[in-house]
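Take a look at the letters that make up each chain.
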Amino acid sequence: MDEITKAKPHGVPIKVRRAIAYIVLIFFSLLCLIWFYILLINSTRSHSEMTLGFTLLPSTHLLDNWTSLINGTIPIARGFLNSLIVSGCTCLLCVYFSAMTAYAINTYRFKGRDAIAAFILAIMMIPGQVTALGFLQLITKIKLDDSLVPLIIPAIASPVTYFYLKQYMESNLPLSLVEAARIDGSNEFRTFNTIILPLIKPAISVQMIFSFVGSWNNYFTPALILHTETKKTLPVMIAELRGADWLRFDMGQIYIMIAASIFPVIIVYLILSEYIVGGVSSGAVKG
């Protein structure tokens, strides 16, 4: 037995501490996953079965719930497409322009730089609900009401995403690399797109996940501006199912719709999580 295993910091062997750590991690992992399990189980049960109480065993009504949902009055397929368009565009545009802003403020030295950075951070303290009325009046005046555009364009300016990327650049982006690129004759856009973005890929991947999930789950703004049934996003349609009258209310449809809406988020996470771990050295300069 090696000396490390024999060591007993604070009187507790390392093996015991490691076992306790694993037990705690497994417990909290199960605690997080149990709600997904309940969701999947309920999506296989009919409305009448759910009124009898909860069970740990799946039922046989998964396809019945899905068929009933697809053949219902709510255009679910269109809702999925709308949510994918809004979330995908928001994710890409928000992260790209936030990274560009963070790069400019972190790299350039100009008058008013600190004031601009402080102003952007101050915006983080303003809740979106406070500006909702003015935002609704603005898009009505410019005739963008009942459109997906107001859900995408304002999301480009994200102070939270900017702040995270700026902090990451301050810790991981060597300014000497930018200076070397300038000496070699690279213009600013080429430097940003081919050198800076690969270097900050892990941070970009994290923010893309957060941005996609935030836009995918957004209910407040779409509920305000979207009125046509074929233009509504999934959270609005789920709310409509939950608010249906007692003749059309079906818990099986609600659960199967919520379960289906989770899968795109899981797919995005699985795709981007690879870059979170392995992307930190992908843009490194090799001598």
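Residues numbered from 1 in each chain as written. Predicted model: local features only at pLDDT ≥ 70, side-chain atom pairs only at ≥ 80, totals over all residues. Heavy atoms only, no water.

**Student:** How do you make sense of the packing of helix α5 (residues 76-107) against helix α9 (residues 159-172) when you look at a structure like this?
**Tutor:** In a pair of packed helices, the angle between the axes and the distance between the axes together describe the arrangement. It is the contact of α5 with α9, at a shortest axis distance of 8 Å, that shows an interaxial angle of 50 degrees. Here α5 lies oblique to α9, going by the angle between them. In this structure, the crossing between α5 and α9 has a hand that is right-handed. Contacts between α5 and α9 involve Cys94, Val95, Ser98, Ala99, Thr101, Ala102, Tyr103, Ile105 and Asn106 from the former and Thr161, Tyr162, Leu165, Lys166, Met169 and Glu170 from the latter. Residues belonging to the contact of α5 with α9 are distributed by class as follows: nine nonpolar, four polar and two charged. (Axes fitted to C-alpha atoms, helices over the stretch in contact; angles between N-to-C directions. Helix = DSSP H or I, 4+ residues; strand = E, 2+ residues; numbered from the N terminus. Parallel < 35°, antiparallel > 145°, perpendicular 65-115°, else oblique. Left-handed = near helix turned anticlockwise from the far one by under 90°. Contact = heavy atoms within 4.5 Å. Nonpolar A, V, L, I, M, F, W, Y, C, P; charged D, E, K, R; others polar.)

**Student:** Sorry if this is basic, but what is going on with the nonpolar core here?
**Tutor:** Generally speaking, soluble globular proteins have nonpolar side chains that are buried together. Membership of the largest hydrophobic core comes to 41 residues, with the highest contact counts inside it found for Ile76, Tyr103, Met169, Ile196, Ile200, Ile204 and Met257. For this core, the secondary-structure elements that each account for two or more residues are α5, α6 (113-123), α9, α10 (175-183), α11 (188-199), α12 (201-216), α14 (234-242) and α15 (251-278). Considering every element that reaches this core, the biggest residue donor is α5, with eight residues. Excluding residues within four positions of it along the chain, Ile76 makes contact with Leu69, Leu234, Met237 and Met257. Core analysis: the next-biggest nonpolar cluster, separate from the first, contains seven residues, Val86, Leu148, Ile225 and Leu226 among them. (Core = buried A, V, L, I, M, F, W, Y, C linked by side-chain atoms within 4.5 Å. Buried < 20%, exposed > 50% of the residue type's maximum accessible area, 1.4 Å probe, protein only.)

**Student:** Honestly, the side chain of Arg45 in this entry has me stumped. Any pointers?
**Tutor:** Locating Arg45 in the fold gives a position in the loop between α2 (14-43) and α3 (47-50). In this structure the side chain of Arg45 is engaged in a polar contact, spanning 2.6 Å, whose partner is the backbone oxygen of Gly53. If near-sequence neighbours (up to four positions away) are discounted, Arg45 is found in contact with Met50, Gly53, Phe54, Thr55, Ser59, His61, Asn65 and Gly252. (Polar contact = N/O pair within 3.5 Å; in protein donor to acceptor, adjacent residues only side chain to side chain.)

**Student:** Help me out: how do you make sense of a nonpolar patch on the surface in this one?
**Tutor:** A grouping of Val12, Val16, Ile20, Val24, Phe27, Phe28, Leu31, Ile34, Trp35, Tyr37, Phe54 and Leu56 is seen on the molecular surface, where their side chains present a nonpolar patch of about 1100 Å² in accessible area. In this structure, Ile20 sits in helix α2. Taking relative accessible area as the criterion, Ile20 reaches 47% and is therefore assigned partly exposed. (Patch = residues over 30% accessible without salt bridge, like charges linked within 9 Å, V, L, I, M, F, W, Y side chains within 5 Å. Areas by Shrake-Rupley, 256 points an atom, 1.4 Å probe, with all protein chains shown as cover. Salt bridge = Lys/Arg side-chain N within 4 Å of Asp/Glu carboxyl O.)

**Student:** Hey, could you run me through the environment of Trp216 in this one?
**Tutor:** In this fold, Trp216 is placed in helix α12. Given the relative accessible area of 3%, Trp216 is considered buried. Spatially, the C-alpha atoms of Trp216 and Asn65 are 23 Å apart, while their sequence positions differ by 151 residues. Sequence-distant contacts of Trp216, that is, excluding residues within four places in its chain, are made with Phe80, Ser83, Leu84, Ser87, Leu234, Pro235, Ser261, Pro264 and Val265.

**Student:** I keep staring at the packing of aromatic side chains and nothing clicks. Help me out?
**Tutor:** The description of an aromatic ring pair uses the distance of the two centres, along with the angle that the planes make with each other. Counting across every chain of the model gives seven aromatic pairs. Consider the rings of Tyr96 and Phe97, whose centres lie 5.5 Å apart with planes at 90 degrees: the pair is edge-to-face. Arranged with centres 5.5 Å apart and planes meeting at 45 degrees, the rings of Tyr103 and Phe192 form a pair that is tilted. With Tyr103 in helix α5 and Phe192 in helix α11, this residue pair connects regions lying 89 residues apart in the sequence. Residue Tyr103 shares its accessibility class with Phe192, and that shared class is buried. (Phe/Tyr/Trp six-rings, centres within 6.5 Å; stacked < 30°, edge-to-face > 60°.)

**Student:** Could you clarify how one ought to interpret the packing of α11 against α12 in this entry?
**Tutor:** At a minimum axis separation of 5 Å, α11 and α12 run at an interaxial angle of 75 degrees. When the axis of α11 is compared with that of α12, the two are roughly perpendicular. Where α11 approaches α12, its residues Leu197, Pro198 and Leu199 are matched on the opposing element by Lys201, Pro202 and Ile204. Looking at the contact of α11 with α12 residue by residue, the classes come out as five nonpolar, no polar and one charged.

**Student:** Just to check I follow, could you spell out α11 for this structure?
**Tutor:** Note: α-helices contain 3.6 residues per turn, so residues at a spacing of three or four share the same orientation. Here α11 spans 15 Å end to end across twelve residues, near enough to the 16 Å set by a 1.5 Å rise per residue. Thr191, Phe192, Ile196, Leu197, Pro198 and Leu199 are the residues of α11 that are buried. Lining the buried residues of α11 we find α5, α9, α10 and α12. The residue sitting at the N-terminus of α11 and contributing the capping side-chain oxygen is Asn187; that oxygen lies 3.2 Å from the backbone nitrogen of Phe189. (Expected span 1.5 Å × (residues − 1).)

**Student:** Looking at this structure, how should I read the environment of Phe189?
**Tutor:** Relative to the helices and strands, Phe189 is located in helix α11. Take Phe189: its relative accessible area is 56%, and that puts it in the exposed class. Between the C-alpha atoms of Phe189 and Met100, which are 89 residues apart in sequence, the distance is 9.3 Å.

**Student:** Please clarify how unusual backbone geometry should be interpreted in this entry.
**Tutor:** Located in the positive-phi region is Lys143, a residue other than glycine, with phi close to 60 degrees. Locating Lys143 in the fold gives a position in the loop between α7 (132-141) and α8 (149-152). Taking the relative accessible area as the measure of exposure, Lys143 reaches 74% and is therefore exposed.

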